[in-house]
Amino acid sequence: MNRTHAPILPWYEDMAAGSGGLEPRAWYAGSDAGRLSLNGEWRFWLSPGATAEDESFARPGFDASGWGTVAVPGHWVLQGVGGAPAYTNVAYPFPVDPPRVPTENPTGDHLRIFDRPAGWAGDSEVVLRFDGVESCARVWLNGRELGDFKGSRLPHEFTVGGLLRAEGNVLAVRVHQWSSGSYLEDQDQWWLPGIFRDVTLLERPPGAPRDFFVHAGYDHRHGSGTLRVECDGAEGRVVLPGLGVDAATGETVTVPVEPWTAETPRLYDGELVTTGERIPLRVGFRTVAVEDGVIRVNGRRVLFRGVNRHEFHPETGRAVDAATMRRDLVLMKQHNINAVRTSHYPPHPAFLDLCDELGLWVVDECDLETHGFAGLEWRDNPADDERWTPALLDRAARMVERDKNHASVIIWSLGNECGSGRGLTAMARWIRGRDPERLVHYEGDPSCRDVDLYSRMYPDHAEVESIGRRTEAPLSDAESDARRRAMPFVMCEYGHAMGNGPGGLAEYQRLFEQYERCQGGFVWEWIDHGLVHPEHGFAYGGDFGEELHDSNFVCDGLLFPDRTPSPGLIEYKKVIEPVRIEPTAGTGAGPGTVRISNGYDFAGLEHLDFEWSYEVDGAPAGSGTLDVPELAPGASAEVELPLRGEGVWTVRAVLARSTAWGERGHVVAWGQAEAGAAVAPTAAVGGRPERNGRVITLGAGVFDAATGALVRLGTVPVVGLRLDVWRAPTDNDNGAAWQPDERYGPRWRELGLHRMRHRIDAVEVGEDALAVRARVAPAGVGPGLRTVYRWTSDGARLGLAVSVVPEGEWRVPLPRLGIRFGLPAAYGRARWFGGGPGEAYPDTRAASVLGWWRMPVDAMQTPYVRPQENGARADVRWAELTDGSGAGVRAEGGEPFWFTARRWTSEQLDAAEHVPELRAGETVWVNLDHAVQGIGSQSCGPGVLPEYRLDAKDTEFSFVFSAPG
Ligand code: IPT
């Protein structure tokens, strides 16, 4: 009989977390004198597999002169030395056979020679720290093996003192792309092996503590802070000069303090002084708790205006430099974001120092995801297999110990998308034992047995509302249900920011403001992970030849890969603004009032100035500063505006003084109103159409007599003016394959809306109008749109009234409804009165500012990494396209309309896979839409809300064309 022998697994395939390393401890940079960075150029050799463990490279004297080099921190697959990035969302890019990994296991051998710093005392211990290596490493120093580790985005340390020489130390690190740890790191992101965070040598003098734990709470009833610093392996004193604190470690002191909050990130600088070392401290006092079913910090309910942040740089992947980390946080603060979930792993440790300093609530998430087991009904899921529990606990401990001294971290998250299981319960239990002063989060277990808050991803508005009322569908187990129903609610992910969108953010925000239980959420996600690519601009899944990939699902951020804010971020900033400025009167001609409401959780409005400005016909007609009374959080007041007459007023809340993240004058919040009713253009009537051979003329319009097509408007040639219903489907139109609801992108294409036919039924030259009757319909199906274009003129201006009557059954909404036409390329300058400066759609228009805008057509494009519909301007009253001389076309709407102009057609936009494929042609294509379909968030969430659907029904709309004024 044949027996199968369990193979003896190499170190990188066994389930153990590692060997030979030090226990985890609090992270701090170390003193300048006591730190040697080993970042820089390392010798590098890439092998395609990991079959034979040849260790000769680790021996001193090994000749690496034939090797290449890589930068550390870095990923070798981004450095042109072999291998390539690969993107999968849920699927493991290797057979699921835990804990085994493929023989094709790219292996990077790294070598670094260094000298011991001369100033270090002979009797000091020395520690070698790795802040992040994907996916595992085995380490040798001067030929002696120190050990190995897994846990890519977690710190790992070895003690090395006895092995160090004064000069020529040889540090050898072998990194395998795949290990048993890869099964625990199935996050939705690029697979990027390498030593991608710092490598540091740290002097640990005798008498230096092994570890320390700062406990700093705030009692909001008494305004006092309570401080106790536990110190492991040494004794010493805790000194905070700003508070007059000088206490022994272990001692509890209570002093009056200003609390730390994300809005008021008050830190007290000090030191932990031991015989061996002085460790800098930055202490923020705050207390987080769940009370009466609500998360409270310092006694007050908090509202998370959050984002999920992956570490990402378009050139260096997850090797993110300090300036980029700060840039992320400054951008977040400037866009009113107050919370970060570190999806889905602890960030670079320095990032949390910045969160403490700048003020963000942090959900620190463990480096754990086993999503790929979902497809196997979670069979063999490491999160529910006791053999893996030690590895899970190791990850929990490395996160908590590393980050426990950060005021900003208020919630520990066990990981992401791991199903449910005993390993998670063990992690939660360990975390609570070690740090009972923070909350525990995990989304993936509906029973919520291990957590303090009910967290969900991508629920629709109706469900959030029912959760807000605590009337959500019950769990089958009554006890769990009662527990969960009493919990506060957050959305750890919502508002999927893939491509154009997300839509519906404002409607979520209303629910958060209405229901105490709904404490906000974290938009998915902060930045598109598009990698710089010579041909594609920014690359996504499949662009590096991956056999298995998830395409552009990796580009779903509020920032473009180069960190330019996308319209989604501008929208989010407006939706979550912490001050509301709303007109209460003043749409007539008299003095109006505004209601100003303080939506901060802790702060007053003293840091803001309120500026008003008033414009008439695009010209400034007054400005000044408003006196706003002191308003506590939640309070509001009505303030009078000094305006008169018809025009547009704007009130802005701006920073009164520069801060760490924003200049004086930076706009935090704004509100607008229009005084005087929007006036529709007067009708262009009275002129007579005349037939002259092959053309018909009507005022400034010249038409083809056979087809009724407009061919010239004054001096400007016009092509292809007709009804248009198509848009290049957005990622949210296309939706994700697993979405339960109908996905309109694919349905539109099935129906043929991208290839409509235009049949001309009649060209009728009447007394006072030219009427062109048409039927617009896709090939191969019955339904169509009966369309009449009715042209009139007052001699100069040209009026167009369009009526649309659907025929047959239209079961899907229309992408858009309006007209499209082309102008010669020279007419590339746009000017309009309406919403701007950026794009807006029915459910993404909160940030659209009413005003008089001008910009080149080229600047009206939004460069979504995968090209798709973009660039519409909302609420437009009139728009002009002109050439350099000012000649061109002006269109006024009978009602406010949507204005889009681009140098390619919707069909070309639809066909493009990457931005560089979009090339300007001979024509500027203009869409003037009566209505457009909303955006929604169906690429990974709910679709368009009913009020933003564009259903086909009898519709009439009109424009008046003229030469620009
Ligand atoms: C959810 C994941 O947690 C996140 O990592 C990301 O993949 C996001 O979706 C989509 O971009 S999981 C999803 C299947 C609900």
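Residues numbered from 1 in each chain as written. Predicted model: local features only at pLDDT ≥ 70, side-chain atom pairs only at ≥ 80, totals over all residues. Heavy atoms only, no water.

J.: A description of the overall build of the protein should follow, citing residues and the corresponding values.
T.: Within the protein, the regular secondary structure consists of 11 helices and 59 strands. Taking 2.2 N^0.38 as the reference for a compact globule, 965 residues should give roughly 30 Å; the C-alpha atoms of the protein span a radius of gyration of 31 Å, in line with that estimate. Viewed in the frame of its principal axes, the protein has a C-alpha envelope of about 105 × 75 × 60 Å. Going through the 965 residues of the protein one by one, you find that 61% of them count as buried. (Helix = DSSP H or I, 4+ residues; strand = E, 2+ residues; numbered from the N terminus. Rg over C-alpha atoms; globule rule 2.2 N^0.38 Å. Buried < 20%, exposed > 50% of the residue type's maximum accessible area, 1.4 Å probe, protein only.)

J.: With reference to specific residues and values, describe the sheet that holds strand β47 (residues 716-717).
T.: Taken in spatial order, the 5 strands line up as β43-β44-β45-β46-β47 in an open sheet, and their pairing is antiparallel. In this open sheet, the two edge strands, each paired with only one partner strand, are β43 (690-692) and β47. By the bridge criterion, 3 bridges tie strand β45 (residues 701-704) to strand β46 (residues 710-713) in an arrangement that is antiparallel. Directly across from Gly-701, in β46, lies its bridge partner Leu-713. (Pairing = 2+ DSSP bridges.)

J.: Go over unusual backbone geometry with me, naming the residues and quoting the values.
T.: Cis peptide bonds are those with omega within 30 degrees of zero, and the linkage from Pro-98 to Pro-99 qualifies with 0 degrees. Note on placement: Pro-99 falls in the loop between β5 (86-88) and β6 (107-114). For the peptide bond that leads from Gly-501 to Pro-502, omega is 0 degrees, which places it in the cis range. Considering the arrangement of structural elements, one finds Pro-502 in the loop between β32 (489-494) and α7 (505-514). Phi at Asn-298 takes a positive value of approximately 50 degrees, unusual for a residue other than glycine. Checked against the element boundaries, Asn-298 lands in the loop between β24 (294-297) and β25 (300-301). You can call Asn-298 buried: its relative accessible area is 5%. Here the phi dihedral of Glu-417 falls at roughly 45 degrees; this positive angle occurs in a residue that is not glycine.

J.: Lay out the site of the ligand with the relevant residues and their values.
T.: In the vicinity of the ligand lie 15 residues, with Asp-188, His-344, Asn-416, Glu-493 and His-496 positioned nearest. One of the side-chain N or O atoms of His-496 is found 2.7 Å from an oxygen atom in the ligand. Within the side chain of Asp-556, a nitrogen or oxygen atom sits 2.9 Å from an oxygen atom of the ligand. In isolation the ligand exposes 380 Å². Once the protein is present, 92% of that is buried. Looking at the shell around the ligand, its residues break down into 6 nonpolar, 5 polar and 4 charged. (Near = heavy atom within 4 Å. Polar contact = N/O pair within 3.5 Å; in protein donor to acceptor, adjacent residues only side chain to side chain. Areas by Shrake-Rupley, 256 points an atom, 1.4 Å probe, with all protein chains shown as cover. Nonpolar A, V, L, I, M, F, W, Y, C, P; charged D, E, K, R; others polar.)

J.: Outline the domain arrangement of the protein, supporting the account with residue identities and numerical values.
T.: For the protein, the assigned domains are domain 1 (10-204), domain 2 (211-289), domain 3 (302-574), domain 4 (579-675) and domain 5 (718-962). Here the C-alpha centroids of domain 1 and domain 4 sit 54 Å apart. (Domains from an automatic or database assignment.)

J.: I'd like to hear about the side chain of Lys-573, residue by residue, with values.
T.: Tracing the sequence through the fold places Lys-573 in helix α8 (residues 567-575). This buried residue, Lys-573, is left without a salt bridge; Glu-577 holds the nearest opposite charge, at 7.8 Å. (Lys, Arg positive; Asp, Glu negative; His and termini not counted. Salt bridge = Lys/Arg side-chain N within 4 Å of Asp/Glu carboxyl O.)

J.: Give a detailed account of helix α6 (residues 478-485), specifying residues and quantitative values.
T.: Among the residues of α6, Ser-480, Asp-481, Arg-484 and Arg-485 are the ones counted as buried. Along the axis of α6, the buried positions cluster into a sector of 125 degrees, meaning they face one direction only. With respect to the buried face of α6, the exposed residues turned more than 90 degrees away are Ala-478 and Glu-479. Looking at the packing, one finds that the buried side of α6 touches β31 (454-457). (Arc of directions from axis to C-beta. Contact = heavy atoms within 4.5 Å.)

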